[in-house]
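What the coordinates show
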Amino acid sequence: MPGPQKKPVVGHLGEIRQVGFLAFYERLWRDYGDLVQFAPGPLNGCMAVHPDQVRYILVEKPEIYIKGMSHDRLRDSIGHGILTLEGSDWRQQRRLLQPTYTPGGIRQFASIMTDEAEAAIARWRSTAGQPVDINEAMTRITMRVISRAIFGIDLDEGFREVALALHGLLDYTSTGSSSLFVMPLFLPTPANQRLKRNQKIVRDFIFQIIERRRRQGPGEDLLSLLMSIIDEDTGQPMTDDQLHDEILITFFAGHETTASLLTWTWYLLAQNPAVEARLYDEVTQVLAGRAPTLEDLGRLTYTRMVLEETLRLYPPVPLLARDAAQDDTLAGYPIKAGTLVVTPLFLTQRHPDYWERPEAFYPEHFTPEQVEQRPRYAYLPFGAGQRVCLGIHFARMEAAILLAHLAQHYRLRLAQPFDGRTQFVGVIRPAGPILMQVEAR
Ligand code: HEM
């Protein structure tokens, strides 16, 4: 398999630490093509960009390409829940949680999303003229939505502290991935101490939610469902620690990603006046001043194309990692058991063979004709195969409702230049604050 020369033991870790994972994979792709071998330390690594290989790894052979060692650090920071489990433990959780997230199952959450959009509209009215950190503003909304929808709680006070602690957990996960030696958790290194502090903040917060739910009795939310489950083998409900991990993972997976999507959408709209004008025309025409309903979403076609195009250029989860559980052959090349296999979907989604204007913000990539003629796995912002995002319908509905409702009332302009640089911490965030001026339309 093509690939760069590697140093003994450290392999390419030096370059990865210097330029970051995303720039490293992009360099490999430009220099060596769609299938490249590399060395993340003493391990073997393989990067697959071509949609056929992506399909093979994620869809056809999930029993070989599993979430193994590559997910250990994530397990250390956010625990053992549906996102990080493997095998029969994962299958059981997926079966359990799936019904809540079907298109029918999530309809009940639409009104919460509209409510939260209205609250944001009112907030912006009262702070008119002051620049807004758009990532923070979007995180606040999506965090409130997930808390209300999934846990039935109204989160306001303490939002910032919990958000920062969650960011800290992600930072821990991503910094360790480029280290040769990971310090055992019991050693009081500064990184481990920070991790423990952040875990405590999040843990206290989640245990409060569990206790409140116990006091109030079961509701119609996911937490109540989780609390009612009895393990077939032991006849026991989930322990508080299991509940904690499952809640943390849903909370974590369910807001930061959608906040990232909305943040980059506002940023891209501010840079692309023609797209922005067309979006405004559509929301004005379809909604005529009303709050969006579920029925409106089918008619907000351009709004949805804009969101898909943002997901193409700035996929909130830009790469997926797996570990080969046994020896295999990929596109004719041998893959040894234990190899780290990475699918950098941010590159697949800019592959010139499949996209008319790979580097441009061009929502027409998502006209039905364009979608039809493209291979299915050239676009996979929610992953693919059996581990595809559980919240895919939830996220698409939430993003469309929030964008359409806010865009009906406001136009956002950059308050100061921002160069579009990203920071990768498991999800893609802006490398610094994007300050935007909110103008009433
Ligand atoms: C724009 C928003 C979102 C994006 C781009 C996104 C992306 C992804 C991706 C790429 C994966 C697959 C990871 C892998 O295969 O390694 C995933 C998994 C997952 N996502 Fe999302 N996600 C989003 C929103 C949400 C929301 C709103 C929820 C919950 C309400 C959610 C819950 C989950 C869960 C539970 C998994 C793990 C599924 C499993 O392993 O069975 N996500 N997401």
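Before going into details, it helps to say that this report is about the structure given with it. Residue positions are given per chain, counted from 1 along the sequence in the order it is written. Residue-level local features of this predicted model are given only where pLDDT is at least 70; pairs of side-chain atoms are given and counted only at 80 or more, and the full residue set underlies all totals for whole chains, interfaces and linings.

Some words on the overall build of the protein
Segments assigned H or I by DSSP are reported as helices when at least four residues long, segments assigned E as strands when at least two residues long, and all are numbered from the N terminus. Within the protein, the regular secondary structure consists of 18 helices and 12 strands. We take the radius of gyration over the C-alpha atoms and set the globule estimate at 2.2 Å times the residue count to the 0.38 power. Here the C-alpha atoms of the protein give a radius of gyration of 22 Å, agreeing with the 22 Å that 2.2 N^0.38 yields for 441 residues. Dimensions along the principal axes, computed over C-alpha positions, put the protein at roughly 60 × 55 × 40 Å. The burial criterion counts other C-beta atoms lying within 10 Å of a residue's C-beta, which is placed from the backbone; the residue is buried at 20 or more, exposed at 12 or fewer, and partly exposed between these limits. Counting every position in the protein, which comprises 441 residues, the buried fraction comes to 40%.

Brief notes about the sheet that holds strand 2 (residues 45-48)
We treat two strands as partners when DSSP finds at least two bridges between them. Read across the open sheet, the five strands follow the order 1-2-8-5-3; overall the sheet is mixed. Each edge of the open sheet carries a strand with a single partner, namely strand 1 (35-38) and strand 3 (65-66). This entry defines residue contacts through backbone-placed C-beta atoms, with two residues in contact when those atoms are within 7 Å. Simply put, an axis is a line fit to the C-alpha atoms, just over the touching stretch for a helix, and the angle between two N-to-C directions goes from 0 to 180 degrees. On the sheet, helix 2 (residues 21-32) packs against strand 1, strand 2 and strand 8 (340-343) and is oriented at approximately 120° with respect to strand 1. Contacts from helix 3 (residues 51-60) reach strand 1, strand 2, strand 3, strand 5 (320-324) and strand 8, with the element oriented near 125° to strand 8.

Quick word on the nonpolar core
Soluble globular proteins tend to bury their nonpolar side chains together. Grouped together as the largest cluster of nonpolar side chains are 78 residues, with contacts concentrated most on I134, L248, L262, A399, A400, L402 and L403. In terms of residue count, the dominant contributor to this core is helix 18 (residues 392-409) (11 residues). By definition, a nonpolar core groups buried Ala, Val, Leu, Ile, Met, Phe, Trp, Tyr and Cys residues that connect through C-beta atoms lying within 7 Å of each other. Counting 34 residues, the second-largest nonpolar core is a separate cluster that includes L28, A39, V54 and L58.

Overview of the site of the ligand
Residues are classed as near a molecule or strand if the C-beta position derived from their backbone is within 6 Å of it. Around the ligand sit 21 residues, and of these G254, T257, G383, C389 and G391 come closest. Broken down by secondary-structure element, the contributors of at least two residues to the shell around the ligand are helix 11 (240-253), helix 12 (256-271) and helix 18. The greatest single-element share of the shell around the ligand, amounting to three residues, is contributed by helix 12.

Observations regarding the packing of helix 6 (residues 110-126) against helix 7 (residues 134-151)
Relative to each other, helix 6 and helix 7 sit at 145°, their axes nearing to 10 Å. The hand of the helix 6/helix 7 crossing is right-handed. Touching I112, M113, E116 and A120 of helix 6 are I141, R144, V145, R148 and A149, all from helix 7. The residue inventory of the contact of helix 6 with helix 7, partitioned by class, reads six nonpolar, no polar and three charged. Here a crossing is called left-handed whenever its near helix is offset anticlockwise from the far helix by less than a right angle, and right-handed whenever the offset is clockwise. Under the grouping applied here, Gly and all other residues not named as nonpolar or charged are polar, the nonpolar ones being Ala, Val, Leu, Ile, Met, Phe, Trp, Tyr, Cys and Pro and the charged ones Asp, Glu, Lys and Arg.

With respect to the sheet that holds strand 12 (residues 435-440)
Strands sit in the order 4-12-9 across an open sheet of three strands; the sheet is antiparallel. One side of each edge strand has no neighbouring strand; the edge strands of this open sheet are strand 4 (132-133) and strand 9 (410-414). Note: strand 4 against strand 12, two bridges, orientation antiparallel. If you follow D133 over to strand 12, its bridge partner there is L435.

Comments concerning unusual backbone geometry
Phi is positive for A288, which is not a glycine, with a value near 45°. Mapped onto the elements of the fold, A288 is located in the loop between helix 13 (273-287) and helix 14 (294-297). For A288, a count of 8 C-beta atoms within 10 Å translates into the label exposed. Phi is positive for A331, close to 50°, though the residue is something other than glycine.

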